[in-house]
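Read off the chains here:
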Amino acid sequence: MESSLNGRRARQRAFCIAAGPNEGELTELKELLRTAGVAVAGELTQRRPEPDPDRYFGKGKLAELKQAIKQADANLVAVDDELKPRQERNLEQALDMPVIDRTAIILDIFADHAHTAEGKLQVELAQLEYNLARMRGLWTHLERLGGGIATRGPGESQIETDRRLARDRISALKRRLDHTKATRGTMRRERERAGLPTVALAGYTNAGKSTLLNALTGSDVGVRERLFHTLDPTTRSFEISGRSYLLTDTVGFIRKLPHQLVEAFSATLEEALGADLIVHVADASVGEHELHEMLEAVDAVLAETGAGETPRLLALNKADLIGSERRRELSFRFPRAVQVSGTTGEGLDDLRDAIEARFLATLQPMELLVPYGEGGTLSELHDLAGELERTDTAEGVRVSARVPVAAAPRFERFSTNGGPSE
């Protein structure tokens, strides 16, 4: 893959490390590196209550790590956590090798995958906020002296200049993003005024959300087997029983998603927050423990963004990759979930039925008499209500329809009983 992590992607061979109470698999870190175009040369984990506050690994494990790196012929160390600035600096000194943490890898992937102007602004903001902390950390050895030797002259003023420029740029980016957020809010209000039900696809990265969006809407949104392929929200329309819906694909979530990215990528997450229904897409083909972790990670991020209370429907995707026994297990564990395959189309009708059932419960029945001259109103009713009963009379068209509560006031003037029916 052509990309740019220090400009030497093709020649980078990363040695993966992790420290913590559980010696978990480093599968996800390796997949992140693969997505970033970096080869994996080896791995080493250390079980301890928490990472060493100064060097991440303990001193004894560091010696073992140094030998393992040499044997693996690695030239980069990748850490499955976000490092404190001093941990990163001390690790690099101890290993005499560049060290990159999980957050930096994710930020680099996001920078490579962001295509819209807003997405690029969000990536730059997240990178600046991440690097500003490290810029401060690099110079604490001068600040501790409180003046005197090595703290006077152009060195200090240059760092202060760099910090000020970074802060100014962060402020400018936040202003521009606030402007795009306001524009997006206007567009969302227009959609709300139209009264179309909105559905957001949310789920762990690589769960197959884009494939599912294409299958439901007949679109051709790009699909690739790599993490974070979708960064910018994509909205398409589709119909169920003649009623139009809006469907939005959102950024894939991940364990230990850097907090600054949760904030920075509010664009795509806000689409989930503002939706009437969230379809939580999960990869049914992974193991039980991994599925549990993925579901928890998505729930945590949705709760953090304020979408924790939004109605939710679980879609177990990639059902074509599992056997009948596993399907039975999943149906017992998740009785209200829909097993589906965006690739083969299996279960799509069941998913549509489940989405429709959630919305039918929220619709308001109305009895209307619409004059023949109000053709636009009839067309709008068809879009909002889908299938409806209509009878042509001398006075106009008598309509029995179920419409979204938010849109009901627009048709009250045609109600046969002076308001929406109960």
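Please refer to the structure higher up on the page.
Parameters and conventions
Residues numbered from 1 in each chain as written. Predicted model: local features only at pLDDT ≥ 70, side-chain atom pairs only at ≥ 80, totals over all residues. Heavy atoms only, no water. Helix = DSSP H or I, 4+ residues; strand = E, 2+ residues; numbered from the N terminus. Buried < 20%, exposed > 50% of the residue type's maximum accessible area, 1.4 Å probe, protein only. Contact = heavy atoms within 4.5 Å. Areas by Shrake-Rupley, 256 points an atom, 1.4 Å probe, with all protein chains shown as cover. Phe/Tyr/Trp six-rings, centres within 6.5 Å; stacked < 30°, edge-to-face > 60°. Pairing = 2+ DSSP bridges. Axes fitted to C-alpha atoms, helices over the stretch in contact; angles between N-to-C directions.

1. Observations concerning the overall build of the protein chain
Across its full length, the protein chain carries 14 helices and 13 strands. Within the protein chain, buried positions represent 49% of all 422 residues. Of all intrachain contacts in the protein chain linking residues separated by at least 6 positions in sequence, the fraction that spans at least 24 positions is 70%. Within the structure as shown, the protein chain displays about 20,400 Å² of accessible surface, and the carbon and sulfur contribution to it stands at 49%.

2. Things to note about the side chain of Asn317
With respect to the element layout, Asn317 can be found in strand β9 (residues 312-317). The class of Asn317 is buried, set by a relative accessible area of 2%. Sequence-distant contacts of Asn317, that is, excluding residues within four places in its chain, are made with Ala207, Gly208, Leu212, Val281, Ala282, Asp283, Ala284, Ser285, Val340, Ser341 and Gly342.

3. As for the packing of aromatic side chains
For the structure shown, the criterion picks out three aromatic pairs. By way of ring pairs, the aromatic residues Phe238, Tyr245 and Phe359 are connected into one cluster.

4. Observations concerning the sheet that holds strand β13 (residues 397-404)
If you walk across this open sheet you meet the three strands as β11-β13-β12, and the pairing is antiparallel. Edge strands, defined here as strands with exactly one partner in the open sheet, are β11 (363-370) and β12 (389-392). Shown here is a sheet whose adjacent strand axes are inclined to one another by a mean of 20°, direction ignored. Here helix α14 (residues 375-385) sits on the sheet in contact with β11, β12 and β13, set at roughly 40° to β13.

5. Looking at the environment of Phe411
Residue position: Phe411 is located in the segment after β13. Residues Phe411 and Val370 lie 41 residues apart in sequence; the distance between their C-alpha atoms is 9.1 Å. Setting aside chain neighbours within four positions, we find Phe411 in contact with Met366, Leu368, Thr377, Glu380, Leu381 and Leu384.

6. What about the sheet that holds strand β6 (residues 234-240)?
Spatially, six strands are ordered β6-β7-β5-β8-β9-β10 in an open sheet, and the strand pairing comes out mixed. Across the chains shown, the open sheet's two edge strands, defined by having one partner strand only, are β6 and β10 (338-339). Strand direction decides the pairing type here: strand β8 (residues 277-283) and β9, joined by six bridges, are parallel. Looking across to β9, one finds that Asp283 is bridged to Asn317.

Purely geometric numbers; function is a separate question.
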